[in-house]
Structures are given as structure tokens and as C-alpha cells.
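Geometric and topological summary
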Amino acid sequence: MVTQQGQTALIACQYDDFTERLKAILSQEGFKIEIAKNGYEAVRIINRQQIHIAFIEDTLKGKNGMEILDYHHSLGLSFPVIIVAREPSVEKAVKAMQQGAYNYLAYDAIDIPDSIIKAVKDGCYCSEKAISISLPEVSEDSQQQEEIQFFEELVGTSAPMKRLYRLIDRVAQSDVTVLITGESGTGKELVAHSIHRRSNRRNKPFVPVNCGAIPEELLESEFFGHEKGAFSGAIRTKIGRFELANGGTIFLDEIGEMKLPLQVKLLRFLQEHKFERVGGLKTIEVDVRVIAATNKDLWKAVQEGIFREDLFYRINVVPIHIPPLRERKEDIQLLVDHFLTRYASSEDGGQKKIISPEVIECFMEYPWPGNVRELENIIKRLIILSDGDKITVDDLPERFQQKKEKSQDVFPFAKLPEEGIDLKQTLEELERLFIQQALERTGGVKNQAAKLLGLNRTTLIEKMKKLGLSLSTKSKD
């Protein structure tokens with residue numbers, strides 16, 4: 001249990017009735033209270049003293065709740081922020097959680113003090129847990145293992161993953177349709193599983209359908225089933241995936257691959273939760289929650305006319321985006337340890353191998369186009385092919401070796417002399433050298449030289465002036 005004695009809570013709200021009632025609840029829990037009537041006051045308070053938890057109104061004047069939330073993250077602050085709303089909505093709640101809010105409460109929650117106290121204690125507890133986690137190495141401490149495994153196969157303690165976990169918990173409590181987006185290999189099906197397992201449908205079926213792996217002519221039958229004799233080869237009645245998922249959740253993976261005719265039938269199901277089997281006349285009604293996923297830009301597909309706009313809005317009620325591995329590299333060490341443990345060779349008695357720090361360094365530099373799935377497959381390969389109980393850089397696939405060699409050879413001339421250097425002067429000389437080379441290569445055409453240097457023309461001219469380079473040129477640039 002978290003102790004709040006001596007901790008400070010910020011209440012940023014323009015309504016006195018809510019502020020006073022919340023103040024009374026928090027004061028009883030031992031908090032010192034700071035009150036702000038507008039966003040500017042809230043920012044001043046955040047700047048001048050330590051805050052342990054904040055309740056911020058979403059429509060606060062000056063700076064609203066979302067703007068203060070952005071400011072909170074820009075400073076790297078760790079205290080939980082709870083957004084409160086007089087006119088709450090699912091869309092606003094999702095947006096707040098995606099931007100890093102710990103929780104989203106309606107003003108009516110003040111009528112249930114226990115719910116406020118629970119939100120406070122959970123928020124302070126999670127904040128302390130986040131601070132205690134060490135990323136460089138994975139301790140065997142049971143509390144840390146619980147934190148890492150809390151979402152089962154979803155491993156990570158980075159800020160993007162914590163926001164993802166909170167959003168999963170939030171949407172799991174309702175039957176709202178969810179659209180999961182993210183690159184291949186990020187774990188979209190794992191997120192769908194997590195939502196299902198935390199919902200009140202957890203004891204009912206979870207039925208996945210890969211819309212991109214089933215031939216177009218069979219997809220309708222897979223979705224809705226078919227009657228005996230409905231088409232050539234239909235020798236018996238078949239139950240479809242939607243019927244199998246009755247009471248549970250159906251996961252439509254790669255929904256962007258679905259063709260327009262079936263999109264129409266899916267839209268009707270989402271509107272009515274009814275369908276007919278292929279070749280059948282009986283209307284079947286089921287209770288199914290729909291979670292969809294895609295690695296495509298569905299809005300772009302809508303604009304191109306290959307995905308229905310009305311279906312897009314039906315499935316995109318709550319969007320959840322999974323960050324690629326390159327945007328949460330601080331989780332790589334945890335993921336590596338997780339996979340080393342999972343795939344420990346039975347021939348070694350289940351003893352997991354040790355991975356060298358140089359390998360982790362290579363992993364941190366690599367862009368991971370295949371995301372977590374690629375990392376998992378790499379670890380499987382290394383466990384099988386590496387000799388001994390330690391995995392070294394020499395065991396890595398060639399693409400990692402090339403990356404390492406390339407990183408070492410980017411500036412082969414950049415050797416720091418024993419006596420040291422004047423860094424500012426050296427960088428100016430290097431800048432002057434590259435600008436002169438770019439101008440010589442382009443015949444003095446500044447537009448082209450700027451492109452070679454990754455600059456715009458104005459910036460190039462400013463640098464030339466600063467370095468005392470001549471602006472005269474024979475070209476018409």
C-alpha cells in the first residue's frame with residue numbers, strides 16, 4: 001500500500017464544487033493540496049515544486065488538460081496524471097490514454113470517493129514501480145518479474161509499452177470495436193489476446209481469422225459458414241468463425257486485405273450482429289466482439305477506393321497503435337532475456353545461454369525492420385547455432401556484422417590525438433571542407449550543393465557567410 005503522507009497532489013480545475021470535494025478526499029489520504037484555476041497556474045505549480053499526482057480538467061482554460069499532459073511529458077516527469085471530464089466520451093478517453101494519461105475519470109466519479117482513492121493509490125503505486133525497474137539487466141526479483149509478465153507475452157517497461165498496457169486495460173472493460181495498427185512483427189495478435197483475456201468474455205472463445213491468408217472465394221464461407229450443397233464441394237454444413245466466436249471475441253487480422261464485396265457483408269454484421277450462411281436462408285444472430293488489425297494505412301486505402309469509408313469508421317472506434325521495436329529499444333534487453341529463457345535448449349537441461357554486451361550493443365544499433373518477431377527468430381537461431389554457453393558477436397548473422405563494420409568505418413579519419421583537439425575549430429574546418437567539396441562537385445550551384453549536404457539553400461548560404469566562404473558563383477543559381 002502506498003503512503004501519501006507528505007506527498008503533494010495538484011488539482012487543476014475551474015469548478016469550485018469539484019475542486020473542494022476532491023480536496024477533501026485527498027486531504028484525508030494525507031496529501032498536501034495545490035490548486036490551479038487555469039492551465040497557466042498549473043504549469044507554474046509543476047515548475048516550482050515536486051508533484052506526486054495531478055488531477056487536471058480536460059477543458060481547463062489557458063492550457064487545457066491535453067496540453068498540460070504534453071508539457072508534463074516534454075519535461076520527462078513521472079508523476080501520474082489523471083484527466084477529469086465534465087462531458088466524458090470513449091474517444092476522449094482513448095486519446096488521453098494514448099497521450100500518456102494514467103487514467104480518465106468523469107466528474108461523476110467524485111460521488112464515489114472509493115473510486116477516487118483507488119485511482120490515486122494505483123497511480124502512485126505504478127509510478128513507484130516504474131522508477132524501481134532497471135532496464136540494463138533483468139533481476140530475478142519476483143515483483144519485477146510480475147511487472148514484466150503482467151501482460152504475459154507483451155514484454156517491455158518502456159513508456160510506449162506502459163501507455164499500451166493502460167489502454168488495453170481500459171478498452172478491455174467494454175465491448176467497443178478496436179482497430180489495432182502497427183508494423184508486421186509488433187505483436188498485434190498478442191494485444192488482441194490481452195484485450196480478450198481482460199474482458200468479461202475471457203471464458204468464451206477467442207477466434208482469429210487472417211484475412212490475408214484465406215483465398216478470396218473462401219473467405220465469406222470462413223466468416224459466416226455455409227450450408228450443405230451451397231457450392232461445389234460443400235458436402236456438409238459448416239459453422240463459420242463468427243458463429244464459433246459467439247459470446248467471445250473474433251480477431252480479424254490483416255483486415256486491409258479484405259475485398260470490397262465482403263466488406264459490405266462485414267459492415268452489415270457490425271451494424272446488426274446478424275448474418276446468413278452461404279447458401280442459407282436462416283438469419284443467425286450472435287454476440288461477438290470484433291477486434292481488427294492491419295499493418296496498412298487504412299485511411300489511405302479509403303482514399304484510394306479499396307476500403308469502404310463507412311466500414312473504416314465502424315472498426316476504428318478505438319484505435320490502438322503498437323510502437324515498432326526501433327521506437328522502444330530500451331526494451332531490447334528485457335526481450336532478449338525473455339526469449340533466452342523461453343527457448344533454453346532442453347539438451348542443456350533448460351539452462352539459458354549468456355549473451356555478451358557487444359551483442360546487445362549491435363542489437364541497439366540495428367533498425368529491426370521485422371520488429372519483435374525478427375528479434376525472437378534471431379534469438380532462436382543463436383541458441384541453436386552458437387557454441388558453448390555464451391553468444392558473441394561472431395555468432396550474429398552477416399547483416400549485423402556488416403552494420404558493426406560500417407559503424408566503425410563511417411569516419412575512419414576521426415582518431416582523437418593523444419594531445420586532444422580543439423573540437424569547435426575542428427568541426428568548423430570539417431564543415432568548410434564538405435561545403436567546398438559540394439560546391440565543386442555541383443559547379444557552384446547552391447541548390448544542388450545544399451541537397452548533397454542535406455540542407456536547404458538558405459541554411460547553406462548562412463553557413464557559407466559564417467565560415468567566410470565566397471558567395472560569388474559563375475552559375476545562374
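Residues numbered from 1 in each chain as written. Predicted model: local features only at pLDDT ≥ 70, side-chain atom pairs only at ≥ 80, totals over all residues. Heavy atoms only, no water.

What to know about the nonpolar core
The condition that has to hold: What makes a nonpolar core is a set of buried Ala, Val, Leu, Ile, Met, Phe, Trp, Tyr and Cys residues whose side-chain atoms join them at distances within 4.5 Å. For the exposure calls, accessible area comes from a 1.4 Å probe over protein chains only, and a residue counts as buried if that area is under 20% of its type's maximum, exposed if over 50%, partly exposed in between. Elements are defined by DSSP. Helices are runs of H or I of four residues or more, strands are runs of E of two residues or more, and each kind is numbered from the N terminus. Any pair of residues with heavy atoms lying within 4.5 Å of one another is described as a contacting pair.
One finds Phe223, Phe242, Leu252, Ile255, Phe269 and Phe307 to be the most contacted residues of the largest nonpolar core, which totals 32 residues. Tallying contributions element by element places helix H11 (residues 260-272) first for this core, with 5 residues. Not counting residues up to four positions away in its chain, the partners in contact with Phe307 are Ile255, Gly256, Leu260, Gln263, Leu298, Ala301, Val302, Phe312 and Ile315. Residues Leu325, Leu335, Phe339 and Tyr366 belong to the second largest nonpolar core, which totals 25 residues.

A few points about the sheet that holds strand S5 (residues 103-106)
What counts here: Strand pairing is defined by DSSP finding a minimum of two bridges between the two strands. Inter-axis angles, ranging from 0 to 180 degrees, are taken between N-to-C directions of lines fitted to C-alpha atoms, where helices are fitted over the stretch in contact.
Taken in spatial order, the 5 strands of this open sheet run S2-S1-S3-S4-S5, and their pairing is parallel. Edge positions in the open sheet fall to strand S2 (32-36) and S5, since each of these has one partner strand only. When strand polarity is set aside, the average angle formed by the axes of neighbouring strands in this sheet is 20°. In the packing of helix H4 (residues 90-98) onto the sheet, contacts are made with strand S4 (81-85) and S5, and the angle to S5 comes to roughly 150°.

Focus on unusual backbone geometry
Of note, Glu254 is a non-glycine position whose phi angle comes to about 55°, a positive value. On the secondary structure map, Glu254 appears in the loop between strand S10 (249-253) and H11. For Glu254, a relative accessible area of 14% translates into the label buried. Although it is not a glycine, His273 adopts a positive phi angle of roughly 55°. Inspection of the secondary structure puts His273 in the loop between H11 and strand S11 (274-276).

Focus on the confidence of the model for the chain
Operational definition: For every residue, the pLDDT score states the predictor's confidence, bounded by 0 at the bottom and 100 at the top.
Residues of the chain with pLDDT of at least 70 account for 86%, and the chain-wide mean is 81. Put simply, helix H6 (residues 142-149) is where the chain has its lowest mean pLDDT, 42, and strand S13 (residues 289-294) is where it has its highest, 95. Confidence drops under pLDDT 50 across residues 125-150; counting only partners more than four residues distant or on other chains, this segment forms 38 contacts.

Focus: helix H9 (residues 216-224)
Taken together, the buried positions of H9 are Leu219, Ser221, Glu222, Phe223 and Phe224. Gly225 sits one or two positions beyond H9 and adopts a positive phi of about 80°.

Quick look at the sheet that holds strand S7 (residues 206-210)
Ordered by their spatial adjacency, 5 strands build an open sheet running S7-S10-S13-S6-S14, and the pairing between neighbours is parallel. Single-partner strands in this sheet number two, and they are S7 and strand S14 (318-321). Between one strand axis and the next, the sheet turns by 20° as a mean value, whatever way the strands run.

A word on the packing of helix H14 (residues 332-342) against helix H16 (residues 371-385)
Each pair of packed helices gets described by two things: the angle between the helix axes and the distance between those axes. This is how it is decided: Oblique is the label for any angle not under 35 degrees, not over 145, and not in the 65 to 115 range, which are roughly parallel, roughly antiparallel and roughly perpendicular in turn. Note: crossing handedness is left-handed where the near helix turns anticlockwise from the far helix by less than a right angle, and right-handed where it turns clockwise. Three residue categories are used. Nonpolar comprises Ala, Val, Leu, Ile, Met, Phe, Trp, Tyr, Cys and Pro, charged comprises Asp, Glu, Lys and Arg, and polar comprises the others, including Gly.
Running from amino to carboxyl end, H14 crosses H16 at an angle of 45°, the nearest separation of the two axes being 10 Å. Relative to H16, H14 is oriented oblique. Handedness of the H14/H16 crossing: right-handed. Taken together, the residues of H16 that come into contact with H14 (itself represented by Leu335, Val336, Phe339, Leu340 and Arg342) are Val372, Leu375, Glu376, Ile379 and Ile383. The residue makeup of the contact of H14 with H16, split by class, is 8 nonpolar, no polar and 2 charged.

Structural notes on the pairing of S2
We count it as follows: Here is how to tell: hold the view so the strands point away, follow the path from the first strand over the helix to the second, and if it runs clockwise the crossover is right-handed.
Bridge count for strand S1 (residues 8-12) against S2 is 5 bridges, and the pairing is parallel. Of the residues in S2, the one forming a bridge with Ala9 is Ile33. Traced from S1 through helix H1 (residues 16-28) to S2, the parallel crossover comes out right-handed.

Structural notes on the packing of aromatic side chains
What counts here: Stacked, tilted and edge-to-face pairs are distinguished by plane angle, under 30 degrees for stacked and over 60 for edge-to-face with tilted covering the rest, among Phe, Tyr and Trp rings (Trp via its six-membered ring) whose centres lie within 6.5 Å. A ring has a charge above it when a Lys NZ or an Arg CZ is no more than 6 Å from the ring centre and no more than 35 degrees off the ring normal.
Within this structure, the stated rule accounts for 15 aromatic pairs. For the ring pair Phe206 and Phe251, a centre distance of 6.2 Å and an interplane angle of 20° mean the geometry is stacked. In this pair, Phe206 is assigned in strand S7 and Phe251 in strand S10, connecting sequence segments 45 residues apart. This pair shows no difference in class: Phe206 is buried, exactly as Phe251 is. By the ring-pair criterion, three or more aromatic residues cluster together here, those being Phe223, Phe224, Phe242, Phe269 and Phe275. The ring of Tyr15 carries Arg86 above its face, with NZ or CZ at 3.8 Å from the centroid.

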